[in-house]
Amino acid sequence: MKSKAHNRQILRYRIAKWLAFTAFVLCILSLIAVLTFILIRGLPHINSQLLFGNYGKEPSIKPALVGTLYLVLISVLMAAPIGIGCAIFLTEYMKTSSRFVSIIHVAVETLAGIPSIVYGIFGYLVFVVALHFKYSLIGGGITLSIMILPVIVRSTEESLLAVPRSLREGSFALGTSKVRTIFSVVLPCAASGIVTSLILAIGRVVSESAVLILTIGMVVNKMPESLTSPGTSLALDVYYFGSHGYPEQAAATGVVLLILVVSINILATVLGKKFGKGELANG
Amino acid sequence: MDDRYNVSISDCNLYYSDFHALKDINIEIEQHEVTALIGPSGCGKSTFIKMLNRMNDLVEDCKITGNISIGGQDIYAKDLDINLLRKNVGMVFQKPNPFPMSIYDNIAFAPRTFGIKKKNELDDIIEHSLKQAGLWLEVRDRLRRNAMGLSGGQQQRLCIARALAADPKILLMDEPTSALDPISTGKIEDLISLLKQEYTIIIVTHNMQQATRISDKTAFFLLGEIIEHGKTDDLFSLPKDKRTESYVTGRFG
């Protein structure tokens, strides 16, 4: 009963399926290769000297841990209020169909797509050179905050737009002002999405290196004394150790960075789910 | 506004950009009456009630002409406090829209907006409003629970309680039972009959039996015009206009 054409069809179907499967395996394998290789080379070298020791003969990432923390704090504390405020303005005060808003969207989209090294050279020219900050954590932090701003604006905007119109109307119909409606109804409803976007922005700050090479000076062996001191970050330490004859320490720092970024992503997912449940069930 | 909360509308027209949504509206609504607005979909009933608490202000390109006053006060006057108007003219929507917060906070929302912060005062308002909405016995043990956990009918009564907590004089209801089952609908209809002693109620409904059960007066809307307005019994038994007769006897719409 089976025709030749039919057999050919089955063959084609099988080849397509196996090709897709092979692609899938290669994809997973490459991920596993990176992870296992870094873990095998790095894990044995994670010790208290590397994590918390003073930088002497043996390198330490303590200055980088502190530097990374500073950078996260500076960039998020600066970008969050501005980004959330901007998103509130765009969704609550502007007509969604207006030309102005679509131009802003294009601009924000473009900013989000700029390679980070370009933000880096901007930070270098403005903070290091023009403003005479020299290499400093504050200059790097501000540059990072500009870099994550579009991410925060877009995702906050989406969270705000997801709040049903009916809730805003319900609030207005009770004689509530626009400001109170935004702060008491709209923002609490969008909180989970906003928090998630902030955490993902932290993830980007932690994994950024190009901006920092040009702005904070990559001083790996000294604890930063203040926000205006030069410093380093975990990602920069990986680069420094790797290019200055400490490949094991570079891999170990890579593991620390991996663990940090994975935890941040898990935290974002968990918080997103926790807030999201039941909140807008009838939205 | 004085203490008589009658609605008086003369020569009123409303446009959504080019669309002429309400045409030459003239109507008087006395206080403590239940007025039902009936008519086919898209004929301007919801637009009409949203004009009374100025919810149409939220719609882009909405233009209104004519005189609309409540209790002798022109509600489209330039110096009118729109938030105070909306406090006095409460609204219940077609779909229940409780805020995703506790039952208590939902009802305390409007009183808090207008400066009532003391706990015992708020407690009293919440108990009173929930009793008025016939929900007190069902939720008194779980006032701190999230309102989204209530059933659809309970949510709608919660929204009624939330509107009543603002201490309105007029209550606008936009098809408040269209999303509810018959039992919940019955409860809300009973509620309306009780509430009319204290409030002026204007209700949009597609259900003609509902209009006859709960309203004193009925207005029939067609294509943005009020075709007929009068006592509900008269309008349904002896309609003056042919079009009203066709509609209430189910020949179109």
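What you see is a predicted model; the values in this text were computed from it and never measured.

1. As for the overall build of chain B
So, step 1. Helices and strands together make up the secondary structure of chain B, namely 10 helices and 10 strands.
So, step 2. Taking 18 Å as the expected radius of gyration for a compact globule of 253 residues, we find that chain B reaches 18 Å, a close match to that expectation.
So, step 3. Scored against the burial criterion, the 253 residues of chain B give a buried share of 55%.
So, step 4. Counted over contacts in chain B with a minimum sequence separation of 6, partners at least 24 positions apart contribute 68%.
So, step 5. When the accessible area of chain B is evaluated, it comes to approximately 11200 Å², of which 47% is carbon and sulfur surface.

2. Description of the overall build of chain A
So, step 1. Counting secondary structure elements, chain A contains 11 helices and zero strands.
So, step 2. When the helices and strands of chain A are placed in sequence order, the string is α-α-α-α-α-α-α-α-α-α-α.
So, step 3. The principal-axis extent of the C-alpha atoms belonging to chain A is close to 75 × 70 × 35 Å.
So, step 4. With 283 residues in all, chain A has 40% of them scored as buried.
So, step 5. Put simply, of all contacts in chain A between residues at least 6 apart along the chain, 75% involve residues at least 24 apart.

3. Focus: the interface of chain B and chain A
So, step 1. Contacts between the two partners involve 25 residues from chain B, matched on the other side by 24 residues from chain A.
So, step 2. In total, chain B and chain A occlude about 2000 Å² of area from one another, counting both sides; carbon and sulfur atoms represent 62% of this.
So, step 3. Put simply, chain B and chain A have zero salt bridges between them.
So, step 4. Our count for the contact surface shared by chain B and chain A stands at three residue pairs in polar contact (both at pLDDT 80 or more).

4. Quick word on the sheet that holds strand β10 (residues 225–231) of chain B
All names here are of chain B.
So, step 1. With respect to topology, six strands assemble into an open sheet ordered β6-β7-β8-β3-β9-β10, the strand pairing being mixed. Both outer strands of the open sheet, β6 (89–92) and β10, are each paired with one neighbouring strand and no more. Strand-to-strand, the axes of this sheet are offset by a mean angle of 15°, without reference to chain direction.
So, step 2. Helix-sheet contacts for helix α7 (residues 182–195) involve β3 (34–38), β7 (170–174) and β8 (200–204), and the interaxial angle to β8 is about 150°.

5. Examining the packing of aromatic side chains
All names here are of chain A.
So, step 1. For the structure on display, the rule yields nine aromatic pairs over all chains.
So, step 2. Plain terms: the ring middles of Phe127 and Phe133 are 5.7 Å apart, the flat faces sit at 40° to each other, and that makes the pair tilted.
So, step 3. Take Phe127: its relative accessible area is 8%, and that puts it in the buried class.
So, step 4. Phe133 gets classed as partly exposed once you look at its relative accessible area, which sits at 34%.
So, step 5. Through a chain of ring-to-ring contacts, three or more aromatic side chains come together here, namely Trp18, Phe21 and Phe24.

6. Some details on the pattern of salt bridges
So, step 1. Following the criterion strictly, the structure yields 17 salt bridges over all chains and no others.
So, step 2. Between Lys131 of chain B and Glu127 of chain B there is a salt bridge, with its nearest N and O atoms 2.6 Å apart. Of this pair, Lys131 of chain B and Glu127 of chain B both sit in helix α4 (residues 119–132), four residues apart, which is roughly one turn of that helix.
So, step 3. Given the relative accessible area of 49%, Lys131 of chain B is considered partly exposed.
So, step 4. With relative accessibility at 28%, the residue Glu127 of chain B sits in the partly exposed group.
So, step 5. The closest approach of N and O atoms between Glu189 of chain B and Arg213 of chain B, which form a salt bridge, is 2.5 Å. On the criterion of sequence distance, the pair formed by Glu189 of chain B in helix α7 and Arg213 of chain B in helix α8 (residues 208–214) is long-range, its members being 24 residues apart.
So, step 6. Residue Glu189 of chain B is classed as buried on the basis of its relative accessible area, which comes to 7%.
So, step 7. Shared partners join several salt bridges into a network, and the residues in it are Glu109, Arg154 and Glu157 of chain A.

7. So, the packing of helix α7 (residues 165–173) of chain A against helix α8 (residues 178–207) of chain A
All names here are of chain A.
So, step 1. Look at α7 against α8: their axes get within 10 Å of each other, and the N-to-C directions meet at 145°. Where α7 crosses over α8, the two elements pack in a sense that is right-handed. Taken together, the residues of α8 that come into contact with α7 (itself represented by Leu167, Arg168, Ser171 and Phe172) are Lys178, Thr181, Val185, Val186 and Cys189.
So, step 2. Of the residues assigned to the contact of α7 with α8, the class counts are five nonpolar, two polar and two charged.

8. Thoughts on the sheet that holds strand β4 (residues 62–70) of chain B
Residues and elements named next belong to chain B.
So, step 1. An order of β2-β1-β4-β5 is seen for the four strands of this open sheet, with the pairing classed as antiparallel. In this open sheet, the two strands that pair with only one neighbour each are β2 (19–29) and β5 (73–74).
So, step 2. Each of β1 (7–16), β2 and β4 touches helix α1 (residues 45–52); the most contacted strand, β1, lies at about 120° to it.

9. Section: the pairing of β2 of chain B
Residues and elements named next belong to chain B.
So, step 1. Sheet analysis places β1 next to β2, joined by seven bridges and oriented antiparallel. Pairing of Val7 across the sheet is with Ile29, part of β2.
So, step 2. Joining the antiparallel neighbours β1 and β2 is a turn of two residues, in which Ser17 adopts a positive phi near 40°.

10. A closer look at the nonpolar core
So, step 1. Counting 54 residues, the largest nonpolar core has Ile61 and Ile148 of chain A as the members making the most contacts within it.
So, step 2. Going through the elements one at a time, α2 (48–52), α3 (62–93), α6 (137–161), α8, α9 (210–215), α10 (234–243) and α11 (247–276) of chain A together with α3 (103–113) of chain B are the ones with two or more residues in this core.
So, step 3. Ranked by residue count, the leading element in this core is α8 of chain A, at 12 residues.
So, step 4. In this structure, Leu122, Val139, Leu191 and Ile203 of chain B belong to the second largest nonpolar core, which totals 44 residues.

11. Some words on unusual backbone geometry
So, step 1. Despite not being glycine, Lys134 of chain A shows a phi value in the positive range, around 55°.
So, step 2. Note on placement: Lys134 of chain A falls in the loop between α5 (116–130) and α6.
So, step 3. Phi at Leu223 of chain B is positive, roughly 50°, even though this residue is not glycine.
So, step 4. Mapped onto the elements of the fold, Leu223 of chain B is located in the loop between β9 (217–222) and β10.

12. Section: a nonpolar patch on the surface
Residue and element names in this part refer to chain A.
So, step 1. Nonpolar side chains collect at one region of the surface, where Leu35, Leu39, Leu43, Leu258, Ile259, Val262, Ile266 and Val270 lie side by side and expose about 650 Å² of accessible area between them.
So, step 2. Listing elements by their share of the nonpolar patch, those giving two or more residues are α1 (4–42) and α11.
So, step 3. Looking at the secondary structure, you find Leu43 in the loop between α1 and α2.

13. Points about the confidence of the model for chain A
Residue and element names in this part refer to chain A.
So, step 1. With 96% of its residues at a pLDDT of 70 or more, chain A shows a mean pLDDT of 88.
So, step 2. Averaged pLDDT values for the elements of chain A fall to 81 in α2 and rise to 94 in α7.
So, step 3. For the stretch residues 277–283, pLDDT sits under 50, and the model shows 17 contacts to residues farther than four places along the chain or on other chains.

What counts, and where the lines are drawn
- Residues numbered from 1 in each chain as written.
- Chains lettered and ligands numbered in written order.
- Predicted model: local features only at pLDDT ≥ 70, side-chain atom pairs only at ≥ 80, totals over all residues.
- Heavy atoms only, no water.
- Helix = DSSP H or I, 4+ residues; strand = E, 2+ residues; numbered from the N terminus.
- Rg over C-alpha atoms; globule rule 2.2 N^0.38 Å.
- Buried < 20%, exposed > 50% of the residue type's maximum accessible area, 1.4 Å probe, protein only.
- Contact = heavy atoms within 4.5 Å.
- Areas by Shrake-Rupley, 256 points an atom, 1.4 Å probe, with all protein chains shown as cover.
- Buried area = accessible area lost by both parts, 1.4 Å probe.
- Salt bridge = Lys/Arg side-chain N within 4 Å of Asp/Glu carboxyl O.
- Polar contact = N/O pair within 3.5 Å; in protein donor to acceptor, adjacent residues only side chain to side chain.
- Pairing = 2+ DSSP bridges.
- Axes fitted to C-alpha atoms, helices over the stretch in contact; angles between N-to-C directions.
- Phe/Tyr/Trp six-rings, centres within 6.5 Å; stacked < 30°, edge-to-face > 60°.
- Left-handed = near helix turned anticlockwise from the far one by under 90°.
- Nonpolar A, V, L, I, M, F, W, Y, C, P; charged D, E, K, R; others polar.
- Core = buried A, V, L, I, M, F, W, Y, C linked by side-chain atoms within 4.5 Å.
- Patch = residues over 30% accessible without salt bridge, like charges linked within 9 Å, V, L, I, M, F, W, Y side chains within 5 Å.
- pLDDT = per-residue confidence, 0-100.

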